[in-house]
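Residue strings, one per chain:
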Amino acid sequence: MWNFNYDLNDYFYITTGSFVIPFIGGAGLGARYDFSSSLISPFISAAGFGAYALPLMCGTDNCKTKYDIIFSGSIGLDLHLATISKTAIHLQLGALSLYSFYNNAPDESPSDIPALWPFINIKFGE
């Protein structure tokens, strides 16, 4: 999954992303709070976003574009690994939960059910 965030201020951001093949993706608004600004920083984050899946690999005649409104919440650690040419590289580890408002998540995965899911992200930025 590729994801891009545009910071609106110190807490709020616009997020958009897709899989490498952009038939599944979405966009939304999020908020993040870092508890410190050290090399190891705990954080919490929440986002509401719309997600879609285009029916390009459907094997039936009843193919429809799928969409949903999803809320996500996460908690984790942001580890500053290095800075190369003014680009900071971070490793983020944590857990997230998703809530599907229409129970129609595009990927039909078990993540449609609220539960804690581990995540590992590599972040390039400031």
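Right, let's walk through the structure included here.

## Considering the overall build of the protein
Here comes step 1: Within the protein one finds zero helices and seven strands.
Here comes step 2: Across the 126 residues that make up the protein, the buried fraction comes to 26%.
Here comes step 3: Partitioning the intrachain contacts of the protein with sequence separation of at least 6 by distance along the chain shows that 43% fall at a separation of at least 24.
Here comes step 4: Entry remark: accessible area of the protein is about 8,800 Å², with carbon and sulfur atoms responsible for 66%.

## Observations regarding the environment of Tyr6
Here comes step 1: The residue Tyr6 is located in strand β1 (residues 2-7) in this model.
Here comes step 2: Of the residues examined, Tyr6 reaches a relative accessible area of 56% and is grouped as exposed.
Here comes step 3: When the C-alpha atoms of Tyr6 and Thr16 are compared, they prove to be 8.8 Å apart, with 10 residues separating the residues in sequence.
Here comes step 4: Aside from chain neighbours lying at most four places away, what touches Tyr6 is Tyr13 and Ile14.

## Section: the pattern of salt bridges
Here comes step 1: What the rule picks out here adds up to two salt bridges.
Here comes step 2: A salt bridge links Arg32 to Asp34, with the nearest nitrogen and oxygen atoms 2.8 Å apart.
Here comes step 3: The salt bridge partner of Asp78 is Arg32, with a shortest N-O separation of 3.1 Å. Of this pair, Asp78 sits in strand β5 (residues 66-84) while Arg32 sits in strand β3 (residues 24-34), and the two are 46 residues apart along the sequence. Summarising the burial analysis for this pair, Asp78 and Arg32 share the class buried.

## A look at a nonpolar patch on the surface
Here comes step 1: On the surface, Tyr6, Leu8, Tyr11, Phe12, Ile14, Leu29, Tyr33, Phe35, Ile44 and Ile75 cluster together into a nonpolar patch covering about 1,000 Å² of accessible area.
Here comes step 2: Those elements that place two or more of their residues in the nonpolar patch are β2 (12-18) and β3.
Here comes step 3: With respect to the helices and strands, Phe35 occurs in the loop between β3 and β4 (40-53).

## Focus: the side chain of Ser18
Here comes step 1: With respect to the helices and strands, the residue Ser18 is situated in strand β2.
Here comes step 2: Ignoring anything within four residues of it in the chain, the contact list for Ser18 reads Met1, Trp2, Ile24 and Gly25.

## Quick look at unusual backbone geometry
Here comes step 1: In this model, Ser85 sits at a positive phi of 50°, which is unusual for a non-glycine residue.
Here comes step 2: Relative to the helices and strands, Ser85 resides in the loop between β5 and β6 (87-100).
Here comes step 3: In this model, Lys86 sits at a positive phi of 70°, which is unusual for a non-glycine residue.
Here comes step 4: By the secondary structure assignment, Lys86 is in the loop between β5 and β6.
Here comes step 5: Overall, the relative accessible area of 81% leaves Lys86 in the exposed class.

How each quantity is defined
Residues numbered from 1 in each chain as written. Predicted model: local features only at pLDDT ≥ 70, side-chain atom pairs only at ≥ 80, totals over all residues. Heavy atoms only, no water. Helix = DSSP H or I, 4+ residues; strand = E, 2+ residues; numbered from the N terminus. Buried < 20%, exposed > 50% of the residue type's maximum accessible area, 1.4 Å probe, protein only. Contact = heavy atoms within 4.5 Å. Areas by Shrake-Rupley, 256 points an atom, 1.4 Å probe, with all protein chains shown as cover. Salt bridge = Lys/Arg side-chain N within 4 Å of Asp/Glu carboxyl O. Patch = residues over 30% accessible without salt bridge, like charges linked within 9 Å, V, L, I, M, F, W, Y side chains within 5 Å.

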